[in-house]
Amino acid sequence: AYSLSTLLLKDNQLGADAAHLLGVELARPGCSLLLLDVSLNSLGDAGARQLARGLRANRTLRELRLVGAAIGGKGRQALGEGLLANPASALACVSTDLWSIGPGDTQVCVPHAGLAGCDGALLFAPLRRNEHVTAVDASYNQLGDEGAAAAATALGSARFLRHLDLSDNAIGARGVRALARALAPDGGAFDLGARSDLDPDLNPGGSGVWLGDGLLVREQRANSSVTPPLAAMCELGAEEVEEAEAEEARCRRRSCSTAAQGTAKQHWAELGGQRGGGGGGTRLGLGVGGAGEGGGRGGGGMRPALRRGGMHGGMPKTARTESQGMPDHGTAGDALSHCLFRAASVPQLDEGHPAHRASDGGPAMLETLLLGSNRLPAATVPVLCAAIADGRVCRLQRVSLAGTSIADDAARYVALMVRLCGSLRNLDLAYCNLSDAAVAQLADALAGNRTLTQLDMQGNECSDFGRWALARALDSNNESALVFLSDNRWALQQDKAELALSDAKLTDADAGLLCAALRFNCVATSLRLCQNRFTHFAIEAVGRMLCANVCLLQVDLSFNELPHALSAEVADDCVLPLCRALAVSPSLRTLRYAHAGLGTSAGVQLGHALAFNHALTDLDLSYNAVGDAGCSTFASALAVNGSLRRLSLAANGIGHIGASALCQVLHAHAAGPGGGSARRAGPGSESDSDGGSGAGSGGGSGSAPVSVLNELSLGSNELDGNAEAALRAAWAAVPWRLPSCLDL
C-alpha cells in the first residue's frame, strides 16, 4: 500500500467519510499516489474540503479526476485554495464537470462555460506544474477578481503558459492589480507612486485623477498621504525607511539651503545612489533629466526610497535604454517628463523575496494577455501598462484592453507602454472611448515604434483630427512595422487581400490613415476607393503610399472628382505623388482614375510618368479632360513603354491633334516587336501642339518599339471622320497585335 501510485475509485458509493480517509492519505509524508480517480461518487462539498486538506501537504499527486463527484462551487473553491497554498504540489491535471486538463492537453478551452470566481483557483493551479498546456481560453465567464487573482498566483510559476484569455469576465481593480504584480513582481517600468494632486506638473489646475494607493506594491503606509513607491517591493530595512522618509519630508518643505542640499547629496551617496541634478529645484524628483543628461525639467531630487529601489534620475540615457533592452526613441526626457524610469540593476534580494518568484520561470513564456470587455476601472489602466512595459519577467506580444474606458490621463500610460515595451506586436484598443487627445498621445508613441504590427481602433470617439495625427505619425516613421490597422469604417487584416471601400463615406482622414498603414503592408493586393468624394489630401496620400508599397496590384480611385472650389494649381499638384508612384512602382498593374476631373496639366504629368513605368498593364483615365496635349504625351510614352496593354482615354476632349500623335506611334509599331526603326522617345519629349507630331514620329535609328498595347478606348471624344479613319488604318496596320480592340 505504501508504494501505491494509482488509485481508481470511479463509480462507487464514496461519501465525505471516504474523502476524509483519502485526504489523510494524501497528507501523509510517505504518500506515493500519482493518480486519484473519484469520479461518479457523492463526495459533495464536504468531501471536497477533506480532499483539500490533503492537497495542502501532498507533493506527489499529478492527476485528480472529479467528474460527476457532486462537487459544487464551494467544494471547487476549497480544492483550488488547497492547491494554491501548497507551493510544492505536483498536481498538473484536473478533471471536473466544467473543464478537463488531461495529461496530453496543450490547450484549455472553456469559453461560455459558466465559470465563477470560485472556480478560478482549481482551474489555474494545475498550470504551475503542467508542462504541456500553452493556451487557456476562459473568456465569457464570470471569474471576476477572485478568478483573476488565482490566475495571477498561478502565473508566478506557470513556466510554459503562452496565451491567456480572460476577456469578458467581470474583472475589476483587485484582479487587475493582482495580474500586474504577477507580470512585474519587482515593480513596473515607470513609477505611479506620486500623487497627482501634489505635483503641479502632473495636475495643472488641480483637476487631475488620483490613481489610488499601492498600485503595484503592498500597502505599507495605509494612513500616509503619499503613496509608497514601486521600489518598496525591495523591502528596505526599518532604519533605512525611516531615514528615507525623513529626507523626503525635508525635501517637501522646499526650504533647503545650499548647505542642506550638499548634505542631502552626501546622504544619497551613503544610500548607494547619485542624486539627479535636474533643474536645480527642490521639488520632488518627477523629471527624467538628471546629472547624466545635463539637467531636465525641475528634476530636483528623487525620493530616497525610489533611489534605493533602483529608480534612476541621473543615469545617462544610453545606459538606461541599453540596460532595459529597449530601443532608444530619442528625447526620452521630453516624452516621459511626467514619469520615472526604473534602473537597470536593482539591489540584490534575498532568495525568499517575492521578486524571486520568476526564478522558477514565472510567466516568462507568456505572450498573449486578453482582458477585453471587462470594463476595467480607469485607475487600473496605468497599473497594467506599467507592468506590461516592464519586460523583465515576461515580454508580452499581444494585449487586449477592448471595452475599457480609457480617459486622456490613462491614455498617457498606454502611450508609454507602446513606447517602452519592445516586444508588443498586437494591441487591441477597440471601443475604449478614446478621444482625439488620447489618440494624439498614442500617435506620438507610434512615431518612434518599430515593433507593433497590429492595432485595433474600432468603435472609438476620435474624429478626423485624431486620425490625421495617427496618419502623420505613421508617415514620419520609416521603420514602422504597423501593417494591420482597424478603424470604424475599414480594417486591414491578415486574411484580407481585397479592400472594397467604394461608397464607404470615407473622409480624407480615413484615406490618410489607411494609406499610412498600407505603406508596408504585404497582404492587400486590391484597393477600391470609388465614390468617396475625396479632396486633394486623400489623393496625395494614395500617391505617397504607392511610392512605398510593393504588393498592391490594383487601385481604383474613380468617381472621386475634386471639388470645383480648388484652384487649378492645387488640383494639378495633388496628382504629383500619384505620378511619382506610377513612375517607380514595381508592382502596380491596374490604375483606374475615371471621373476625377483631371485637366490637361494632370494628363501631361501622368503621361510623362507612364514613360518610366514598366509594370502597369491597365490604365483607365476616361471621363476626364486631358485634351490633345495629354493624349500626345501618352502617345510619346507608348513608344517606350513595354507593359501597358489597355488604355482608356474615353471622353477626354481629344481631337485630331491627339489622334494624329497616336497614329504616328501606331505606324511606327507596324513592323512588329522585332523590327521597325521608330525612335524611342524619352519622357521629356515635347508634342507639337499644332501638327501633333508625337515622339513616335520620324525615322532615325534606335531600338525597336516595345509597346504591347492591344486595347485602346477613345470613345466620346471630339474626333471627326478623318481622324477615326486614320486611327482604324493605323491600328489595322499592326497584324501582330491580336486579339485587339479599338473603341472609337
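Here the residue index of a chain counts from 1 through its sequence in written order. For this predicted model, a pLDDT threshold of at least 70 governs which residues receive local features, and a threshold of 80 or more governs which side-chain atom pairs are given and counted, while totals over whole chains, interfaces and linings are taken from all residues. Side-chain numbers come from the whole structure's heavy atoms, not from hydrogens or water.

1. Quick word on the sheet that holds strand 1 (residues 6-8)
Step number 1: The four strands are arranged 1-2-3-4 in an open sheet whose pairing can be described as parallel. Of all the strands in the sheet, just strand 1 and strand 4 (93-95) have a single pairing partner and so form its edges. On average, each strand axis in the sheet is tilted by 5° relative to the strand beside it, whichever way the strands run. Each pair of strands is called paired provided DSSP finds at least two bridges between the two strands. Runs of H or I in DSSP of at least four residues are treated as helices and runs of E of at least two as strands, each being numbered from the N terminus. The convention used is that axes are lines fitted to C-alpha atoms, helices contributing only their stretch in contact, and that angles between N-to-C directions extend from 0 to 180 degrees.

2. Quick look at the packing of helix 16 (residues 508-518) against helix 17 (residues 536-548)
Between two packed helices, both the angle of their axes relative to each other and the distance between the axes serve to describe the pair.
Step number 1: Between helix 16 and helix 17, the least distance of the axes is 8 Å, while the angle of their chain directions is 5°. One way to sum up the angle between helix 16 and helix 17 is to call them roughly parallel. Together, D508, A511, G512, C515 and L518 of helix 16 and F537, A538, A541, V542 and M545 of helix 17 make up the contact between the two elements.
Step number 2: Grouping the amino acids of the contact of helix 16 with helix 17 by side-chain chemistry returns eight nonpolar, one polar and one charged. If an angle is under 35 degrees, it is roughly parallel; if it is over 145, roughly antiparallel; if it lies from 65 to 115, roughly perpendicular; otherwise it is oblique. Contact definition: two residues touch when any of their heavy atoms are within 4.5 Å. In this classification, the charged set is Asp, Glu, Lys and Arg, the nonpolar set is Ala, Val, Leu, Ile, Met, Phe, Trp, Tyr, Cys and Pro, and all remaining amino acids, among them Gly, are polar.

3. Let's talk about helix 17
Step number 1: A helix's residues, less one, multiplied by 1.5 Å, set its expected span. With 13 residues, helix 17 extends 19 Å between its outermost C-alpha atoms, agreeing within 8% with the 18 Å of an ideal straight helix rising 1.5 Å per residue.
Step number 2: Partly exposed residues are those whose accessible area sits between 20% and 50% of the maximum for their type, while under 20% is buried and over 50% is exposed, using a 1.4 Å probe and protein chains only. Burial in helix 17 covers these residues: H536, A538, I539, A541, V542, G543, M545 and L546.

4. Looking at unusual backbone geometry
Step number 1: Here the phi dihedral of D168 falls at roughly 55°; this positive angle occurs in a residue that is not glycine.
Step number 2: Looking at the element boundaries, D168 is found in the loop between strand 7 (163-165) and helix 6 (173-183).
Step number 3: You will see that D503, though not glycine, has its phi angle at about 50°, which is positive.
Step number 4: Following the sequence through the fold, D503 ends up in the loop between strand 13 (498-500) and helix 16.

5. Here's the deal with the pattern of salt bridges
Step number 1: Between Lys or Arg on one side and Asp or Glu on the other, a salt bridge is scored when a side-chain nitrogen of the former is within 4 Å of a carboxyl oxygen of the latter. The tally for this structure, following the rule as stated, stands at 16 salt bridges.
Step number 2: With a shortest N-O distance of 2.7 Å, R162 and E367 are connected by a salt bridge. On the criterion of sequence distance, the pair formed by R162 in the loop between helix 5 (144-155) and strand 7 and E367 in the loop between helix 11 (332-335) and strand 8 (368-370) is long-range, its members being 205 residues apart.
Step number 3: One salt-bridge network, in which partners are shared between bridges, spans D464, R467, D487, R489 and D510.

6. Points about the sheet that holds strand 15 (residues 554-556)
Step number 1: In spatial order, the strands read 13-14-15-16-17-18-19-20; together these eight strands make up an open sheet with parallel pairing. Only two strands of the sheet have a single partner each, and these edge strands are strand 13 and strand 20 (741-743). Averaged over all pairs of adjacent strands, the angle between their axes in this sheet comes to 5°, without regard to strand direction.
Step number 2: Pairing of strand 18 (residues 646-648) with strand 19 (residues 711-713) involves three bridges; the strand directions are parallel. Residue L647 lies in a different strand from strand 19, and its bridge partner there is L712.

7. Details of the packing of helix 14 (residues 436-446) against helix 15 (residues 464-476)
Step number 1: Contact pair helix 14 / helix 15: the axes reach a minimum separation of 8 Å and the direction vectors enclose 5°. With respect to helix 15, the axis of helix 14 lies roughly parallel. Residues D436, V439, A440, A443 and L446 of helix 14 form the contact with helix 15, whose own contacting residues are F465, G466, A469, L470, A473 and L474.
Step number 2: Residues of the contact of helix 14 with helix 15, tallied by class, amount to nine nonpolar, one polar and one charged.

8. A short note on the side chain of T617
Step number 1: Structurally, T617 can be placed in the loop between helix 20 (600-610) and strand 17 (618-620).
Step number 2: A residue is classified by how much of its surface remains accessible, and T617, at 19% relative accessible area, is buried.
Step number 3: With near-sequence residues (within four places) excluded, T617 lies in contact with R589, S643, L644, R645 and R646.

9. Structural notes on the nonpolar core
Step number 1: If you look at the biggest cluster of nonpolar residues, it comprises 173 residues, and the most contacted ones within it are F124, L166, L429 and L455.
Step number 2: The element best represented in this core is helix 13 (residues 408-420), accounting for nine residues.
Step number 3: The contact partners of L429, leaving out residues within four places of it in the chain, are L401, I406, V414, L434, L442, L455, D456, M457, Q458 and N460. Buried Ala, Val, Leu, Ile, Met, Phe, Trp, Tyr and Cys residues form a nonpolar core when they are joined through side-chain atoms within 4.5 Å.

10. Remarks on the confidence of the model for the protein
Step number 1: Mean pLDDT over the protein works out to 76, with 70% of the residues at or above the 70 mark.
Step number 2: Throughout residues 252-360 the model reports pLDDT below 50, and contacts reaching past four residues in sequence, or to other chains, amount to 224 contacts.
Step number 3: Every residue in residues 674-705 scores below 50 in pLDDT, and together they form 58 contacts with partners more than four places removed in sequence or on other chains. A score from 0 to 100, pLDDT tells how confident the predictor is in each residue.

11. With respect to the environment of T525
Step number 1: Relative to the helices and strands, T525 resides in the loop between helix 16 and strand 14 (526-528).
Step number 2: Sequence spacing of T525 and C551 is 26 residues, and the spatial spacing of their C-alpha atoms is 5.8 Å.
Step number 3: Residue contacts for T525: discarding those within four places in its chain leaves A497, C551, L552, L553 and Q554.

12. Things to note about a positive patch on the surface
Step number 1: Residues form patches when they are more than 30% accessible in relative terms and have no salt bridge. Like charges link within 9 Å. Nonpolar side chains (Val, Leu, Ile, Met, Phe, Trp, Tyr) link within 5 Å. Under the convention used here, a 1.4 Å probe and the Shrake-Rupley method define accessible areas, while residue burial counts only the protein chains that appear. Counted as positive: Lys and Arg. Counted as negative: Asp and Glu. His and the chain ends are not counted at all. Where a charge lies is defined by one atom per residue type, namely NZ (Lys), CZ (Arg), CG (Asp) and CD (Glu). On the surface, R49, R53, R56 and K74 cluster together into a positively charged patch.
Step number 2: Along the chain, the position of K74 falls in helix 3 (residues 73-84).

13. Topic: the environment of R589
Step number 1: As for its position among the elements, R589 is in the loop between helix 19 (576-584) and strand 16 (590-592).
Step number 2: Considered as a pair, R589 and L552 are 37 residues apart in the sequence and their alpha carbons are 8.2 Å apart.
Step number 3: Apart from residues no more than four positions distant in its own chain, R589 is found in contact with L553, A615, L616, T617 and D618.
Step number 4: In protein, a polar contact means a hydrogen-donor-capable atom and an acceptor-capable atom, both N or O and within 3.5 Å, with residues adjacent in sequence counting only if both atoms are side-chain atoms; elsewhere, any N or O pair within 3.5 Å suffices. Among the polar contacts made by the side chain of R589, one reaches the main-chain carbonyl oxygen of S587 at a distance of 2.8 Å.

14. Focus on the state of the cysteines
Step number 1: When two cysteine sulfur atoms are found within 2.5 Å, that pair is recorded as a disulfide. Under the definition given, this model contains zero disulfides.
Step number 2: Here C551 is not cross-linked by a disulfide; its sulfur's nearest cysteine counterpart is in C522, at 4.0 Å.

15. Structural notes on the environment of G73
Step number 1: By the secondary structure assignment, G73 is in helix 3.
Step number 2: Take G73: its relative accessible area is 24%, and that puts it in the partly exposed class.
Step number 3: Residues G73 and G117 lie 44 residues apart in sequence; the distance between their C-alpha atoms is 8.8 Å.

16. Some thoughts on helix 22 (residues 656-668)
Step number 1: For helix 22, built from 13 residues, the straight-helix expectation of 18 Å at 1.5 Å per residue is met to within 8% by its first-to-last C-alpha distance of 18 Å.
Step number 2: Turning to helix 22, its buried residues number three or more, namely I657, G658, A659, A661, L662, C663, V665, L666 and A668.
Step number 3: Here the buried face of helix 22 lies against helix 21 (627-638), strand 19 and helix 23 (721-732).

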